[in-house]
Amino acid sequence: MEHIFVINPAAGASDPTNMIKEAIAKSKSGADCEIYRTKGAGDATDFVSKRCAESTGPIRFYACGGDGTLNEVVNGAANHKNVGVGCFPCGSGNDFVKYYGGAEGFLDIDNLINGTEHPIDVILADGKYCINVLNFGFDTAVVKTMQKVKTNPLLRGKRAYYTGVVGALINSMRTPCKVTVDGEEISSSDILLCTVSNGRYVGSSFKCAPRAENDDGLLEVCLVKPLSRLTFVRLVNYYTLGEHLDNPKFNDYIVYRRAKKISIEGGSGFAVALDGELVETRSIEVEVSEKALNFVVPRGVNY
């Protein structure tokens, strides 16, 4: 089997290439490993797509970066039956691997290479794949601010996220959009935010979809209606902990569904985030793509 580590040199606080090379060199299973460093946005998808087309035998790609790098690798590898996708999480968020207990279980090269492939679902949104969460409203306002400030060395990582949250609290407490879930219209006016989830976490720490199972053929839709800033501050900790679906304090604010297809229509300037990557669009069709990816769960990781 071919093992290819796809490294995003811009992921995290510093280029992880040397650290990963050293870890592979020290591992018992690293002899057959290849390293590819991405050259820019979209390059991981192009590289993985090309290698998938050329390969006739089993092949694995390990996304070395954050959720954005994993997203790009997934978009090149999805629906190739002889291809597995693993993750060496070294980005700023690493939200998807929290489904499996967090980044620590993915950082041993031998355990990763000797991991087991599990067929999982992915989100398909107008031809683009998303492995973790598609979200919009308040959350996309946060991402927009993060993109503006992330080049500032004082505002990298979690600081950029918190800066985005403050900006959204000031300017983005309402987003007009229509959301239809398996034929049922659940919103025709303003929302605070909405997540369409395959994984469980978003924004580094928020357990937005505590009931998500990434292989059940369903997506978790959680729409939060507009609320005051004071109510937001009072309730956000419950949302962070993933207690919002069972807490009666959220009864007036949350619409929750499990679904296969979601239609979203927004207005001017509307955008959605796919694994944290912004896509500006006035409308988008979303569906579950069942068992479309063979995801590598490292040896020793129980979930």
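Here's what I pulled together on the structure shown here.

The rules we used
Residues numbered from 1 in each chain as written. Predicted model: local features only at pLDDT ≥ 70, side-chain atom pairs only at ≥ 80, totals over all residues. Heavy atoms only, no water. Pairing = 2+ DSSP bridges. Helix = DSSP H or I, 4+ residues; strand = E, 2+ residues; numbered from the N terminus. Axes fitted to C-alpha atoms, helices over the stretch in contact; angles between N-to-C directions. Contact = heavy atoms within 4.5 Å. Buried < 20%, exposed > 50% of the residue type's maximum accessible area, 1.4 Å probe, protein only.

1. Quick look at the sheet that holds strand E11 (residues 193–197)
What links the strands of a sheet is backbone hydrogen bonding, and the strands pair in either a parallel or an antiparallel sense.
Okay, so step 1: Strand order in this open sheet of 6 strands is E13-E12-E11-E7-E15-E16, and the pairing throughout is antiparallel. The open sheet terminates on both sides in strands that have one partner only, identified here as strand E13 (254–259) and strand E16 (277–280). Here the average twist between neighbouring strands, direction ignored, is 20°.
Okay, so step 2: Bridging between strand E12 (residues 219–224) and E13 involves 6 bridges; their strand directions are antiparallel. What sits directly across from Leu223, in E13, is Val255.

2. Quick word on the environment of Ile24
Okay, so step 1: Tracing the backbone shows Ile24 in helix H1 (residues 17–26).
Okay, so step 2: Separated by 84 residues in the primary sequence, Ile24 and Asp108 place their C-alpha atoms 9.3 Å from one another.
Okay, so step 3: Leaving out residues up to four positions away in the same chain, Ile24 has contacts with Phe5, Gly30, Cys33, Ile35 and Ile109.

3. Thoughts on helix H3 (residues 67–77)
Okay, so step 1: The buried count for H3 comes to 10 of 11 residues, which makes it a mostly enclosed element.
Okay, so step 2: Those residues of H3 that sit buried are Asp67, Gly68, Thr69, Leu70, Asn71, Glu72, Val73, Val74, Gly76 and Ala77.
Okay, so step 3: Directly beyond the C-terminal end of H3, a positive phi value near 70° is found at Asn79.

4. With respect to the side chain of Arg200
Okay, so step 1: By the element assignment, Arg200 lies in the loop between E11 and E12.
Okay, so step 2: Owing to a relative accessible area of 19%, Arg200 belongs among the buried residues under this scheme.
Okay, so step 3: Filtering out sequence-adjacent residues up to four positions away, Arg200 remains in contact with Tyr99, Asn132, Phe206, Lys207, Cys208, Ala209, Pro210, Ala212 and Glu213.

5. Describing the environment of Asn302
Okay, so step 1: As for its position among the elements, Asn302 is in the segment after strand E17 (283–297).
Okay, so step 2: The spacing of Asn302 and Met146 is 156 residues in sequence and 33 Å in space, taken between C-alpha atoms.

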